2 protein chains.
Amino acid sequence: MRLSTSFTKTFRDIDSSETAKNAQLLIRAGFIHKEMAGVYDFLPLGLRVLNNITEIIRRHMNTLGAEELSMTALQNPESWKKTGRWSDDAMDIWFKADLNAGGEVSFAPTHEEPLTNLMTKFIHSYKDLPVYAYQFQTKFRNELRAKSGILRTREFLMKDLYSFTTDEQSHQDFYKKVEQAYKDIFTELGLGDCTYQTFASGGAFSKYSHEFQTFLPVGEDTVYYNKDKSIVLNEEVLLPEVLEDLGVKREELESTTAAEVGNIFTLKYKFSTPLHLDYAKKSGGIETVFMGSYGIGVSRVMGVIVEKFADKKGLVWPENIAPYKYYLIPIGEKGTKAAEKLYKKDPDLYLYDDRDKKPGEKFADADLMGIPNRLVISDKTLEKNSAELTLRASGETSLIPLEKL
Amino acid sequence: MRLSTSFTKTFRDIDSSETAKNAQLLIRAGFIHKEMAGVYDFLPLGLRVLNNITEIIRRHMNTLGAEELSMTALQNPESWKKTGRWSDDAMDIWFKADLNAGGEVSFAPTHEEPLTNLMTKFIHSYKDLPVYAYQFQTKFRNELRAKSGILRTREFLMKDLYSFTTDEQSHQDFYKKVEQAYKDIFTELGLGDCTYQTFASGGAFSKYSHEFQTFLPVGEDTVYYNKDKSIVLNEEVLLPEVLEDLGVKREELESTTAAEVGNIFTLKYKFSTPLHLDYAKKSGGIETVFMGSYGIGVSRVMGVIVEKFADKKGLVWPENIAPYKYYLIPIGEKGTKAAEKLYKKDPDLYLYDDRDKKPGEKFADADLMGIPNRLVISDKTLEKNSAELTLRASGETSLIPLEKL
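Keep in mind that this is a model prediction, so the values were computed, not measured.

Asker: Just checking my understanding: could you explain the packing of aromatic side chains for this structure?
Answerer: Aromatic rings in a pair are described by how distant their centres are and how their planes are angled relative to each other. Taken as a whole and judged by the stated rule, the model has 44 aromatic pairs over all chains. Ring geometry for Phe199(B) against Tyr208(B): centres 5.2 Å apart, planes inclined by 70°, an arrangement best described as edge-to-face. Residue classification places Tyr208(B) among the buried residues on the basis of a relative accessible area of 15%. In textbook terms, an aromatic cluster arises when at least three aromatic residues are bridged by ring pairs, as seen for Phe95(A), Phe107(A), Phe140(A), Phe95(B), Phe107(B) and Phe140(B). Lying over the aromatic face of Tyr324(A), Arg48(A) brings its terminal NZ or CZ to 3.9 Å of the ring centre. The ring centre of Trp86(B) lies 4.0 Å from the NZ or CZ of Lys96(B), which sits over that ring.

Asker: Help me understand the packing of helix H2 (residues 44-63) of chain B against helix H7 (residues 298-309) of chain B in this model?
Answerer: All names here are of chain B. Following both chains from N to C, one finds H2 and H7 inclined at 115°, their axes separated by 10 Å at the closest point. When the axes of H2 and H7 are compared, the pair comes out roughly perpendicular. In this structure, H2 meets H7 at a crossing whose hand is right-handed. Here Gly46, Val49, Leu50, Ile53, Thr54 and Ile57 of H2 come into contact with H7, specifically with Val298, Ser299, Val301 and Met302. Across the contact of H2 with H7, the residue classes tally to seven nonpolar, three polar and no charged.

Asker: Just to check I follow, could you spell out the side chain of Ser293(B) for this structure?
Answerer: Considering the arrangement of structural elements, one finds Ser293(B) in strand E16 (residues 290-297). Leave out the neighbours within four places in its chain, and Ser293(B) touches Glu112(B), Leu161(B), Tyr162(B), Asn263(B), Ile264(B), Phe265(B) and Leu267(B).

Asker: Teacher, can you tell me more about the interface of chain A and chain B here?
Answerer: When the parts come together, some accessible area is lost, and that loss is often what is quoted as the size of the interface. Taken residue by residue, the interface counts 53 residues in chain A and 53 residues in chain B. A combined buried area of about 4,900 Å² lies between chain A and chain B, and 63% of that area is made up of carbon and sulfur atoms. Together, Phe7(A), Glu67(A) and Phe122(A) form the three largest contributors to the area buried by chain A at its contact with chain B, with a combined 15%. Taken together, chain A and chain B are joined by two salt bridges. Here Lys9(B) ties to Asp128(A) by a salt bridge, and the two come within 2.8 Å at their closest N and O atoms. In terms of residues, the side of chain A that touches chain B owes the most to one element, strand E2 (residues 39-42) of chain A, which gives four residues. A per-class count over the side of chain A that touches chain B returns 29 nonpolar, eleven polar and 13 charged.

Asker: Explain helix H1 (residues 21-28) of chain A to me, please; I cannot follow it from the model alone.
Answerer: Since there are 3.6 residues in each turn of an α-helix, residues three or four apart along the chain are aligned in direction. Residue and element names in this part refer to chain A. Among the residues of H1, those classed as buried are Asn22, Ala23, Leu25, Leu26 and Ile27. Contact partners of the buried residues in H1: strand E1 (32-36), E2, helix H7 (298-309) and helix H9 (359-369). Directly beyond the C-terminal end of H1, a positive phi value near 80° is found at Gly30.

Asker: How should I be thinking about the relation of the copies chain A and chain B in this particular structure?
Answerer: Two copies of a chain can be linked by a rotation about an axis combined with a shift along that same axis. For the match of chain A to chain B, the screw axis carries a shift of 0.0 Å, the RMSD comes to 0.0 Å, and the turn is 180°. Considering both components of the superposition, the chain copies are consistent with a two-fold axis. It is Ala97(A) whose C-alpha, among those of chain A, lies nearest the rotation axis, at 2.9 Å. Of the interface residues in chain A, 100% have counterparts in chain B that sit at the interface too, so the contact is made through matching surfaces.

Asker: It is not clear to me how the environment of Ile296(A) should be interpreted in this structure. Could you clarify?
Answerer: Residue and element names in this part refer to chain A. Looking at where Ile296 falls in the secondary structure, it is placed in strand E16 (residues 290-297). In this structure the C-alpha to C-alpha distance between Ile296 and Ile185, which are 111 residues apart in sequence, comes to 10.0 Å. Setting aside anything within four residues of it in sequence, one finds Ile296 in contact with Ile57, Met158, Lys159, Tyr182, Ile185, Phe186, Val261, Gly262 and Val301.

Asker: Would you explain the side chain of Thr116(A) in this entry?
Answerer: Secondary-structure assignment places Thr116(A) in helix H4 (residues 112-119). The exposure class assigned to Thr116(A) is buried, which follows from its relative accessible area of 0%.

Asker: I'm lost on the sheet that holds strand E17 (residues 326-330) of chain B in this one. Help?
Answerer: Hydrogen bonds between backbone groups are what pair the strands of a sheet, and the pairing can be parallel or antiparallel. All names here are of chain B. Taken in spatial order, the five strands line up as E18-E17-E19-E20-E21 in an open sheet, and their pairing is mixed. Only two strands of the sheet have a single neighbouring strand rather than two, namely strand E18 (350-352) and strand E21 (397-401). The average undirected angle you get between the axes of adjacent strands in this sheet is 30°. By the bridge criterion, four bridges tie strand E19 (residues 373-377) to strand E20 (residues 386-391) in an arrangement that is antiparallel. Directly across from Asn373, in E20, lies its bridge partner Leu391. Relative to E17, helix H8 (residues 332-345) is tilted by about 145°, and along the sheet it contacts E17, E18 and E19.

Asker: Help me out: how do you make sense of the pattern of salt bridges in this one?
Answerer: When charged atoms on two side chains of opposite charge get close, those side chains can pair. Evaluation of the coordinates by the stated rule reveals 46 salt bridges over all chains. Of the charged contacts, one joins Glu220(A) and Arg152(A) as a salt bridge, the two residues approaching to 2.7 Å between their closest N and O atoms. Placement of Glu220(A) in the loop between strand E10 (208-215) and strand E11 (221-226) and of Arg152(A) in the loop between strand E7 (131-140) and strand E8 (155-165) is noted, with a sequence separation of 68 residues between them. Its salt-bridge partner being Glu112(B), residue Arg85(B) comes within 3.3 Å of it at the nearest N-O pair. A residue pair is termed long-range when its members are at least 10 positions apart, and Arg85(B) in the loop between helix H3 (77-83) and strand E5 (96-98) and Glu112(B) in helix H4 (residues 112-119) qualify at 27 residues. Look at Glu112(B) and you get buried, because its relative accessible area is 10%. In the salt-bridge network here, residues are joined through shared partners; they are Arg2(A), Glu340(A), Lys344(A) and Asp354(A).

Asker: What is the right way to look at the sheet that holds E5(B) in this model?
Answerer: Read across the sheet, three strands follow the order E4-E6-E5 (chain B) without closing on themselves; strand pairing throughout is antiparallel. Two strands lie at the open edges of the sheet, namely strand E4 (74-75) and E5 of chain B, each paired on one side alone.

Asker: Which parts of the structure should I look at to understand the environment of Phe107(A)?
Answerer: Looking at where Phe107(A) falls in the secondary structure, it is placed in strand E6 (residues 104-107). In the structure, Phe107(A) is positioned 48 residues away from Glu155(A) in sequence and 10 Å away in space, judged by C-alpha atoms. Beyond its immediate stretch of four places on either side in the chain, Phe107(A) contacts Ala73(A), Leu74(A), Phe95(A), Lys96(A), Ala97(A), Phe140(A), Phe95(B), Phe107(B) and Phe140(B).

Asker: Would you mind showing me how to read the pairing of E7(A) here?
Answerer: Residues and elements named next belong to chain A. The buried fraction of E7 is high, at nine of ten residues. As defined by bridge partners, E7 adjoins E8 across ten bridges and the pair is classed as antiparallel. Across the sheet, the residue bridging to Gln137 is Met158, located in E8.

The rules behind these values
Residues numbered from 1 in each chain as written. Chains lettered and ligands numbered in written order. Predicted model: local features only at pLDDT ≥ 70, side-chain atom pairs only at ≥ 80, totals over all residues. Heavy atoms only, no water. Phe/Tyr/Trp six-rings, centres within 6.5 Å; stacked < 30°, edge-to-face > 60°. Buried < 20%, exposed > 50% of the residue type's maximum accessible area, 1.4 Å probe, protein only. Lys NZ or Arg CZ within 6 Å of the ring centre and 35° of its normal. Axes fitted to C-alpha atoms, helices over the stretch in contact; angles between N-to-C directions. Helix = DSSP H or I, 4+ residues; strand = E, 2+ residues; numbered from the N terminus. Parallel < 35°, antiparallel > 145°, perpendicular 65-115°, else oblique. Left-handed = near helix turned anticlockwise from the far one by under 90°. Contact = heavy atoms within 4.5 Å. Nonpolar A, V, L, I, M, F, W, Y, C, P; charged D, E, K, R; others polar. Buried area = accessible area lost by both parts, 1.4 Å probe. Salt bridge = Lys/Arg side-chain N within 4 Å of Asp/Glu carboxyl O. Least-squares fit on C-alpha atoms with pLDDT ≥ 70 in both. Pairing = 2+ DSSP bridges.

So yeah, pure geometry; function would need other evidence.
This is the structure:
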């Protein structure tokens, strides 16, 4: 991408109402725009990061044998009334509106009810199971507070996977595969060494669910951990019987703040019973479908990565999800000629700063935007038929022969 | 994709409340699911079609030099109040909700206001122009009636492109390029020979806008055309002065029904004036930015393609947007062995019907799903080391040597 023809711009100062570091930096670097509190547009560079995260997750979902679909944001109240979650007492983050044609409609805060209802058309027999279905879809939540930038917003992108199995054993087998897939995903996203599978409440139906928590100073959650025993648990299960169950004492646990980036949940029959998602058993008779759900907050993950890696100069993207691999800066006439040639070979590899600006400004923007590799081509580097490569994360500099690029 | 492990199912009969042919067939073939009137989920096969249409349009947008972004569905009322469109009198299809934090919010029926407002942060000087920005984004419209399947829904996917230029001449140059891009897009989508650029009202600010109308028996619009003069115009501009302007007489026009699949619009200063989107001119002084907008209804296009090509056996997808190129049916043990081998070479090419069903049922499903090429491998075809290829559109059959696949 040529910066000279992109509307992307960086900003020195932004609206002081934005207090979260992740949003401040993403706005300053031209990756997102604030539509209103808790609502952010994704600009070309930000959208590329989001798409890169999405692609990594999608690949792992497909490897699990899950099928991608796309549910609507608009939801029929019927299925929510059957599970008892339609009232504002049961869920306090509803966005609802009246239909001009009569009746009410909601804007998806989550999709368990409509997907379970949908599956009653597709699942009738043990032969139809298991079903694994996932989507990348926008969720709407009428949050009272929105102060954490893209970590907690009123509209956000989520990957949600749901499993439908004949029984608990088949469920557990799949659940374990998803655990592993999540670990692989967070490793690929660059969060492997600071993200932990965490015991959380299973609600009324399961003993535990699991969250994936990234240790982070600005995280909204508090978790308790013991590194030797590889145990992390969240506040809601910090109870004597749980500690006994896990074989750890309260005084062996340290606490830290963390951001929840994913969760996996054994739903059992919570939705399939009230929505009558049943199947004919092989041995005869009717059984209720066993369900699980598995979420990753895609835009939240992006915010967590910003918080985790950014430094005082700006953003720092892990190579796997960076919008471009290289930030290309030409200096002088010969440098420009060589840079143009390089850029045209593969425009998708370079954020090419061909603007009429001083090198110092370009260096500052390269740092602010957090592109992992900065390439400078000048008379001096061309004398050695090379470009100067500087790694954003470490600041390490080296000369790279042009033919190697 | 293996049908044996997919939750995709076909249906003989569906809910009689669904009266539109496109939705009836898409539901029967397992491509979409009806959440409620005018609201449809896209299932794995339907999502693949939608993504294929999206990719074709995206490629043409990028060739135009436009940049992709993603605006939110939630919208701040402020910019809408400035243009006078916030009231229900100005727009009768609003979905609005109260924020728990106080104030109101809308669910995007369109994005002119928020994008124009966004651009006031990025456009300050003639040096920042032109800007071409587009997105694929969901629109919400509180339609009173929803009887046309996915041709007119309360929630739909739209590609919207916006141009920001210094003056009318630069706008016209870009507008012409978009005209050509749209013709190329509809040709690539298989609608080239039945989609016409149509004169429509330019509203209060321009003489004309242009729609792209696909002639279609169930289309909601009526258009008037003269094939010899290559003139098509819609009902709202069927006026003496327009006919004189275009050099055609009323009696030279025939009428037909059509579905609007795209529109391109010279907005002039309609949004940039009230939202103060100005720029510093090269010659000094301040000027208002000149705007245009260019839409394509992505999910509507999918519905139009269904209506246009489907026959009594079911869907018929043009090869460019089909979810899979081949529907693969094995017959007998040897046939299954050969089909497995073929499938594993490139699983993304085949909808592989490895279900335990009779060939006749598989033939019927292949027809209903509308996959463009049906491949049957049996003892008989293997005698000639071949597969039997049947084209869905024409029914033509031939033997294809396996090594050519």
